[in-house]
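Structural characterization, general
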Amino acid sequence: MRRGWVIVLVSMLGSAWAQEQHTTPIQLRGSLSATVEAYTSSGDAPVQRFLPRYGARLFFRPVVQLFGQVELPFELALSTQTGARTGYPVGFQQPFNQFGLSPRITSWLRLHGGYFSLSLSELSFGEPRILGGGVELSPGIFRLKAFYGVVQQPRALDTLSSFPGTYRRWAWGVSLGFTTEAGAELLLHYVRLLDDTTSIRLLRVVRDSLRADTIVTPAQDNAVAALSFRAPLGTAVSLQGELALGAYSSSLRAPEKDLGVPRWVFVPRYSSNLDGAARVSVIVTPTQAVSIALGGRWIGPGFVSLGYPWLANDVAEVAVAPSLMLAENTVSIRLSGGLQWNNLRNTRLGTTRRLISAAALGWHPSSAFGVDLHYTNYGTRMQHEQDSLRVQNVYQSFSVAPRWQFSGLGGTHVVTGSYNFANTTDQNPITRAATRQTTHSLLLSHSLLLSSALTLTTTGTYTQTAAQLETRLWMLSETVSFPLVPQRLTGSFAGGWSRMYTLGWDTQWNLRLSLTYHLHRWGVLTWNTFLNRSERAGRRPFLELQSSLNYGLSF
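Residues numbered from 1 in each chain as written. Predicted model: local features only at pLDDT ≥ 70, side-chain atom pairs only at ≥ 80, totals over all residues. Heavy atoms only, no water.

Points about the overall build of the chain
Heads up, the rule is: To qualify as a helix, a DSSP run of H or I must reach at least 4 residues; to qualify as a strand, a run of E must reach at least 2; elements of each kind are numbered from the N terminus. Reported accessibility uses the Shrake-Rupley method at a 1.4 Å probe radius. Residues are deemed covered only where the shown protein chains occlude them.
Helix and strand content of the chain: two helices and 29 strands. Of the roughly 32400 Å² of accessible surface on the chain, 62% is carried by carbon and sulfur atoms.

Here you go:
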């Protein structure tokens, strides 16, 4: 049986190669970026340095194409900085140095090896980066994705930095279904993520001769099954959504339950729970100038998907978002409104509701002038039996951003500006004074491009924030760039000044010098040097200098 499948696969690959044999046998494309940098500051202690003294990074992403059908993309990332440094011992959960290979064989087969990213659906799996292997198949309407590997590296507990430790987390998953040319789609997904409890050593602390305490890092187990769909309902309506069921164990040290579930699917424990989630959206486009999007989602309080670690549960929401274009597409109007709430099964002492609304208006009568206006209103309200625990506030923001382009003084002028206002109003009489905040922000920028290719850019900003304390911030910067050698060497010089006042004055000066040399087909070489001086009342001035050299090549 296996020999038969091999013969069929070889025949299909040979047929595809015969159809494309007129193309160049081997083609190479991709990108390369290499950077070396140095950093120094007036503070000698490690905690006074924001960066390591020296560092280097390399990103290499070549793609080899064979006979116009087989693609072999490689991915290599190397760095002298692995995420942990003196003074900041908690680093990344994934190593920075990574290598991956994702070859595409014909238009319907892709393989993955090493480090790679793969998304199944919006509720099952998509965020963690995988170290392992995977496959994607898409012949005709058939769709298949599968992977197996590690999505979290082990790191031992560190009591000095209050780091609880992480286990090696294994993951495997599969997605199977079909997608038609008309846009209909039906896919079934399953993913399992399981911590390896033997990957790190736990810390045992003996307090006396009769008692021993073990510092335990919770190990987790998660399985999610989901069904996603998309269906065009005529030419003007599109429906898509997903239904998911998730099983989750918060601790693998809890005793197991014998419920007859196969162990490769999930292992029920006394720490396990089962819950569901759903999302749906409908997009209606009666004309090219008008569209309406309707959406909603419901995520149960016990639904956990470790494939999306930051996915919030115990939440439901509905939303509507119409948009239209007027006056020959010179005026755009986008509106949105929705309601969000939690406490879906009355497991909390109070229910929090959020009213979300936003509006955006754009007027662009010509390429030389335009203005955009935005308004948002988020209201949060939670009724609680105790007045001190009630939440009732309204967040509002408004912004206007004009743009004007004109010619004069031998060059082209571009003037942009923006004003932003944000206000948080706490309507709870107990905490009103503690959480009220208002922010005003103003920005004005002018750029002048002369015929000699000299570019001058001046930018000024002012921000005022009033809460329990008032903070004011002024910033002014000037950037000058000029081609020193036409089509070869370009230089730029920038200077900036900022001053902030809360309880005292904090002033910063910074200078930046940049040189860019174009090697044409052999890439671009860029040198940057940045100097910053910070002065704060009652403290010695703080100086820092950073310099870097980067080589970039696209081929």
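Some thoughts on the packing of aromatic side chains
As a reminder, the rule being used: Between rings of Phe, Tyr and Trp, where Trp is taken as its six-membered ring, a pair exists when centres lie within 6.5 Å; planes separated by under 30 degrees are stacked, by over 60 edge-to-face, and by other angles tilted. Burial classes follow relative accessibility: with a 1.4 Å probe on protein chains only, a residue under 20% of its type's maximum area counts as buried, one over 50% as exposed, and anything between as partly exposed. Lysine and arginine charges are scored as sitting over a ring when NZ or CZ, respectively, is within 6 Å of the ring centre and within 35 degrees of the ring normal.
Under the counting rule described, the total for this entry stands at 12 aromatic pairs. With a centroid separation of 5.8 Å and 80 degrees between ring planes, the pair formed by tryptophan 363 and phenylalanine 369 is classed as edge-to-face. Classification of phenylalanine 369 by relative accessible area gives partly exposed; the value is 30%. Between tryptophan 474 and tryptophan 505 the ring centres are 6.0 Å apart and the planes differ by 35 degrees, which places this aromatic pair in the tilted class. In this pair, tryptophan 474 is assigned in strand β25 (residues 470–485) and tryptophan 505 in strand β27 (residues 505–518), connecting sequence segments 31 residues apart. For tryptophan 474, a relative accessible area of 28% corresponds to the partly exposed category. Since its relative accessible area comes to 34%, tryptophan 505 is described here as partly exposed. Taken together through their ring pairs, the aromatic side chains of Tyr462, Trp474, Tyr501 and Trp505 make up a single cluster. Positioned above the aromatic ring of tyrosine 378 is the side chain of arginine 354, whose terminal nitrogen or guanidinium carbon lies 5.4 Å from the ring centre. In this structure, arginine 521 packs its charged tip against the face of tryptophan 522, placed 5.0 Å from the ring centre.

Some remarks on the pattern of salt bridges
Applied cut-off: What counts as a salt bridge is simple: a side-chain nitrogen of Lys or Arg found within 4 Å of a carboxyl oxygen of Asp or Glu.
Tallied over the full model, the rule gives 16 salt bridges. Put simply, glutamate 122 and arginine 279 hold a salt bridge, and the shortest N to O gap is 3.5 Å. Placement of glutamate 122 in the loop between β6 (109–116) and β7 (130–137) and of arginine 279 in strand β15 (residues 272–287) is noted, with a sequence separation of 157 residues between them. Taken together, the shared-partner salt bridges connect Glu122, Glu242 and Arg279 into one network.

Section: a nonpolar patch on the surface
Applied cut-off: Note that patches include only residues with greater than 30% relative accessible area and no salt bridge, and the join distances are 9 Å for like charges and 5 Å for nonpolar side chains (Val, Leu, Ile, Met, Phe, Trp, Tyr).
Residues Val36, Phe493, Leu511, Leu513, Tyr517, Leu525, Trp527, Leu531, Leu543, Leu545 and Leu549 make up a contiguous nonpolar surface patch of about 870 Å² in total accessible area. Residue assignment for the nonpolar patch shows that the elements contributing at least two residues are β27, β28 (524–536) and β29 (542–554). Relative to the assigned elements, leucine 511 resides in strand β27.

Points about the side chain of threonine 106
So the rule is basically this: We call two N or O atoms a polar contact when they sit within 3.5 Å, provided that within protein one can donate a hydrogen and the other can accept it, with sequence-adjacent residues counted only if both atoms are side-chain atoms.
Positionally, threonine 106 belongs in the loop between β5 (104–105) and β6. The buried category is assigned to threonine 106, whose relative accessible area is 3%. Side chain to side chain, threonine 106 and tryptophan 108 meet in a polar contact 3.0 Å long.

Overview of the environment of glycine 173
Rules: Whether two residues are in contact is decided by their heavy atoms, any of which lying within 4.5 Å being enough.
Here glycine 173 shows up in strand β9 (residues 168–179). Residues glycine 173 and arginine 192 lie 19 residues apart in sequence; the distance between their C-alpha atoms is 6.2 Å. The residues touching glycine 173, leaving out its near neighbours within four places in the chain, are Lys145, Ala146, Phe147, Tyr190 and Val191.

Some points on the pairing of β29
Here is the key point about a regular strand: its side chains alternate between the two faces of the sheet. Rules: Here, any two strands with at least 2 DSSP bridges between them count as paired.
Strand direction decides the pairing type here: strand β1 (residues 26–41) and β29, joined by 11 bridges, are antiparallel. Each residue of the ladder has a partner; that of serine 41, found in β29, is glutamate 544. Relative to β29, β28 runs antiparallel, the two sharing 11 bridges. Residue pairing in the sheet places phenylalanine 530 in a bridge with glutamine 546 of β29. Between β28 and β29, which pair antiparallel and follow one another directly, the connecting turn spans five residues, one of which, glycine 538, has a positive phi of 85 degrees.

As for the side chain of asparagine 342
By the element assignment, asparagine 342 lies in the loop between β18 (331–341) and β19 (352–366). Reaching out from asparagine 342, the side chain makes a polar contact with the backbone nitrogen of threonine 352 at a distance of 2.8 Å. Sequence-distant contacts of asparagine 342, defined by excluding residues within four places in its chain, comprise Asp314, Val315, Arg348, Gly350, Thr351 and Thr352.

Some words on unusual backbone geometry
In this structure, alanine 327 is a non-glycine residue whose phi angle is positive, near 50 degrees. One can find alanine 327 in the loop between β17 (315–326) and β18. With a relative accessible area of 52%, alanine 327 lands in the exposed category. Notably, glutamine 487 is not glycine yet its phi reads approximately 60 degrees, a positive angle. The class for glutamine 487 is exposed, based on a relative accessible area of 67%.

Thoughts on the nonpolar core
For clarity, the threshold we go by: Buried Ala, Val, Leu, Ile, Met, Phe, Trp, Tyr and Cys residues that are joined via side-chain atoms within 4.5 Å together make up what is termed a nonpolar core.
Among the nonpolar cores identified, the biggest contains 21 residues, and Phe125, Ile130, Phe147, Val191 and Leu193 are the most heavily contacted of them. Every residue in contact with leucine 193, bar those within four places of it in the chain, is listed here: Phe125, Val151, Arg169, Trp170, Ala171, Gln220, Asp221, Asn222, Leu306 and Gly307.

Description of the pairing of strand β20 (residues 369–382)
Bridging between β19 and β20 involves 13 bridges; their strand directions are antiparallel. Bridging from a neighbouring strand, arginine 354 pairs with threonine 380 of β20.

Notes on the confidence of the model for the chain
For the record, the criterion: Summary of the metric used: pLDDT quantifies the predictor's per-residue confidence within the range 0 to 100.
With 85% of its residues at a pLDDT of 70 or more, the chain shows a mean pLDDT of 86. Here helix α1 (residues 2–19) is the element of the chain with the lowest mean pLDDT, 42, and strand β10 (residues 185–196) is the one with the highest, 97. Every residue in residues 1–22 scores below 50 in pLDDT, and together they form nine contacts with partners more than four places removed in sequence or on other chains. In this model, residues 83–94 is a region of pLDDT below 50 whose contacts with residues beyond four sequence positions or in other chains number 29 contacts.

Quick look at the environment of lysine 145
Here lysine 145 is to be found in strand β8 (residues 142–152). Judged by relative accessible area, lysine 145 falls into the partly exposed class, the value being 26%. It is 9.0 Å that separates the C-alpha atoms of lysine 145 and histidine 189, two residues lying 44 residues apart in sequence. Once you skip the residues sitting within four places of it in the chain, lysine 145 turns out to touch Leu118, Ser119, Leu120, Val135, Glu136, Gly173, Val174 and Ser175. Within the structure, the side chain of lysine 145 is placed 2.9 Å from the backbone oxygen of serine 119, a separation counted as a polar contact.

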